[in-house]
Amino acid sequence: MDIRISGVTKVFEGDIVALDGVYFAAGAGEFVYLVGTTGSGKTTLLRVISREVLPTKGQVLVGGFDLRRMRYNDLAYYRRDLGIVFQDFRLLSHLTVLENVAFILEAMGVPPREVRDRSGFILERVGMWHRRFLKPPQLSGGEQQRVAIARAIVNAPSVLLADEPTGNLDPRTSDEIVQLLTSINASGTTVIMATHNQYLVDAYRHRVVELSRGRIIRDENQGRYAADVDL
Amino acid sequence: MSTFRYLLRDTFRLIFRHWGMSLLTLFSISAVFFLLGASSLLSLNTRHLLGNIEGQLTVQAYLKPGSDLEAAKKKVLTFGNIVQVVAITPDEALEHLKARLGNRAEVITLVGENPLPSALEIRVERAAHVSSLARRLVAMTEVEDVVYAGGLAEKLSRLSVFVGRLSVGILVIAVVAAVMVLFNTVRMAVYSRRDEIHVMLQVGATQTYVALPFVLQGMLLGMTGAAFAALTLLKGYSSAINVLAATMPFLLFLRDGVLLAKLGVVLVGAGICLGWIASWFAVVRYIRDAVKPL
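In this numbering scheme, every chain counts its residues from 1 along its sequence in written order. Lettering of chains starts at A and numbering of ligands starts at 1, both following the order in which they are written. Reporting in this predicted model follows two pLDDT cut-offs: at least 70 for local features of residues, and 80 or more for side-chain atom pairs to be given and counted; totals over whole chains, interfaces and linings ignore these cut-offs and use all residues.

Undergrad: Hey, could you run me through helix α5 (residues 141-153) of chain A in this one?
TA: Given 3.6 residues per helical turn, the α-helix brings residues three or four places apart onto the same face. All names here are of chain A. Strands here mean DSSP runs of E at least two residues long; helices mean DSSP runs of H or I at least four residues long; both are numbered from the N terminus. Between the first and last residue of a helix there are one fewer steps than residues, each counted as 1.5 Å, and that sum is the expected span. Spanning 13 residues, α5 covers 18 Å between terminal C-alpha atoms, matching the ideal 18 Å at 1.5 Å per step. α5 sits mainly inside the fold: ten of its 13 residues count as buried. Exposure classification rests on a simple neighbour count of other C-beta atoms within 10 Å of a residue's own: a residue reaching 20 or more is buried, one at 12 or fewer is exposed, and one in between is partly exposed. C-beta atoms are placed from the backbone. Those residues of α5 that fall on the buried side of the exposure criterion are Gln144, Gln145, Arg146, Val147, Ala148, Ile149, Ala150, Arg151, Ala152 and Ile153. Buried positions along α5 lie against β6 (82-85), α3 (97-107), α4 (112-125), β7 (159-163) and α6 (171-186). Two residues qualify as a contact pair if the distance between their C-beta atoms, derived from the backbone, is within 7 Å.

Structure below.
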């Protein structure tokens, strides 16, 4: 699924400019790091793509959908082709690991047998099958993020948006999470990951898009976290 | 089919996860619907009693000597709200009087000529129609005098109007109370599941799929509460009627089983409808706000 963002500006209440004339495109199967300081516009850009935020100006085309003109009823169907991973996991604490993953498929009306099979397969893939009957508070941060990723990809989305997925994790666990995201990307899913983690960006080389004050100031394939490293 | 199973499962989860709240709602709804049903029974019984009394209310119009009785009857029949007009000739009136006087009927023979006038005995549909009919009769040239229980008719009419208004008042209060109770219960359930709702909407669940368990919860609570109230009310009513009928046999209480069953069905139907309306309002606005982009 292609993503094309043309001249997008987002001004929040109080004249806070979160994005300022952003042009960004990502093709199917790409892995893109969004880097930049806090408040640079990374999260807003991800939320524009998930249509949680509507641009004040500009056009957003994702897989043929014009997000500014999207009909109310099309939103659910559009979001079924997106996976979203948050820094704070946002798992449902009263459900087990298996139920957290399965309820996404249930919401799509997938038959129970298929729900069991697909949830099991995805939990195996992220290495959480053995924890399937535990509830989120009984898991470590890394395990919770694995479950959150499983939930995001169980519906086989074309695009995975990850907002600081390693922000609350130790370096080793962060490593494992990015390896997992890389393997998901290798199977054809476009991954767009906002991060502050310099080590990860440098260790797992992909395209790097840097934002500052709502503008894209760097866009490099196989880039490093900081622009001046090779200078 | 799968979706329906998930929705039902989620509905029961919602009810049992907050079972204390659900129980409280059931009691509140039952109390409200009990009040609603009781006021309906009061109104139905009042109408039943009034109907019986009204059925016996007649207006007597005495005609001037020499008036055409049949012509007057035809004229009265053209008035509205008339149930029956009986033409009574002077001879028939005399026979009635004799029958009523019994042994003392001999007295009448002393008078010689029959002094009784021709008369019309008129029955109307409702007590409220008596006064207007009497006015029209008085205006007829053939009519000498009109006799009717005017005071009673007007009192019955006023009582009927009062009971009708009281029932409407109770109905409005009960409906508002039921909607508020159901609305708040569902709203609390919505807030307790707000994280879940947000995640579901973010991953592509339709608004209908997210809203339906809450709506079904409201409908189920409304239906169960109303059914409980209807059963209690109808059981209590039949016991109370037996006691009242034994102590006040002159009053004719409503004992129509079909009508009472219909009242029960109406109460349960109202419970379902109010549950649906209250929960729909409670959840839909929240979901609309949740999916609205910033």
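Still to come is the rest of the account.
Undergrad: It is not clear to me how the nonpolar core should be interpreted in this structure. Could you clarify?
TA: Across soluble globular proteins, nonpolar side chains show a tendency to be buried alongside one another. Residues Leu34(A), Val101(A), Ala150(A) and Leu182(B) are the most contacted members of the largest nonpolar core, which totals 119 residues. Looking at this core element by element, the count peaks at 16 residues for helix α9 (residues 207-247) of chain B. Among residues more than four places away in sequence, those in contact with Val101(A) are Ser119(A), Ile122(A), Leu123(A), Val147(A), Ala150(A), Arg151(A) and Val154(A). For this entry, the nonpolar core is defined as buried Ala, Val, Leu, Ile, Met, Phe, Trp, Tyr and Cys residues connected by C-beta atoms within 7 Å. Counting 19 residues, the second largest nonpolar core, distinct from the first, contains Ala61(B), Val143(B), Val146(B) and Leu156(B).

Undergrad: Mind showing me how you'd approach the interface of chain B and chain A here?
TA: Interface size, as often reported, equals the accessible area lost upon joining of the parts. On the side of chain A, 20 residues touch chain B, which itself brings 16 residues to the contact. Every element with two or more residues in the side of chain B that touches chain A is listed here: α1 (2-17) and α8 (194-202) of chain B. No other element matches α8(B), which puts five residues into the side of chain B that touches chain A. Of the residues assigned to the side of chain B that touches chain A, the class counts are nine nonpolar, five polar and two charged. When residues are sorted by character, Ala, Val, Leu, Ile, Met, Phe, Trp, Tyr, Cys and Pro go into the nonpolar class, Asp, Glu, Lys and Arg into the charged class, and all the rest, Gly among them, into the polar class.

Undergrad: Looking at this structure, I do not really get the pairing of strand β3 (residues 119-124) of chain B. What am I missing?
TA: Successive side chains on a regular strand alternate, one facing one side of the sheet and the next facing the other. All names here are of chain B. Should DSSP find at least two bridges between two strands, the strands are regarded as paired. Here strand β1 (residues 58-63) pairs with β3 via five bridges, running antiparallel. Bridge pairing in β3 places Tyr62 opposite Ala119. The pairing of strand β2 (residues 82-88) with β3 spans six bridges and is antiparallel. Within β3, the residue paired with Gln84 across the bridge is Arg123.

Undergrad: Hey, could you run me through the sheet that holds strand β4 (residues 57-62) of chain A in this one?
TA: Neighbouring strands of a sheet are bound in pairs by backbone hydrogen bonds; such pairs are parallel or else antiparallel. All names here are of chain A. Overall, antiparallel pairing links the four strands, which are arranged β2-β1-β4-β5 in an open sheet. Edge positions in the sheet fall to β2 (16-26) and β5 (65-66), since each of these pairs with one other strand and no more. Here β4 runs beside β5; their pairing, made up of two bridges, is antiparallel. Its bridge partner lying in β5, Leu61 is registered against Asp66.

Undergrad: Any chance you could explain unusual backbone geometry here in plain terms?
TA: Most peptide bonds adopt trans geometry, and most residues besides glycine take a negative phi value. Residues and elements named next belong to chain A. If you check the backbone angles, Arg90 has positive phi at about 55 degrees while not being a glycine. Considering the arrangement of structural elements, one finds Arg90 in the loop between β6 and α3. Of note in this structure, Glu164 is not a glycine but carries a positive phi near 50 degrees. With respect to the helices and strands, Glu164 occurs in the loop between β7 and α6.

Undergrad: Help me understand the sheet that holds β3(B), please; the structure alone is not making it clear to me.
TA: All names here are of chain B. Spatially, β2-β3-β1-β4 is the arrangement adopted by the four strands of the open sheet, whose pairing is antiparallel. With partners counted over all chains shown, the strands left at the sheet margins are β2 and β4 (143-148), one partner each. Neighbour to neighbour, the strand axes of the sheet diverge by 20 degrees on average, direction disregarded. Lines fitted to C-alpha atoms define the axes here, with helix axes fitted over just the stretch in contact, and angles between the N-to-C directions of these axes take values from 0 to 180 degrees. Strands in contact with helix α6 (residues 130-139) are β1, β3 and β4; relative to β4, the strand with the most contacts, it is inclined by about 165 degrees.

Just distances and angles here, no functional claims.
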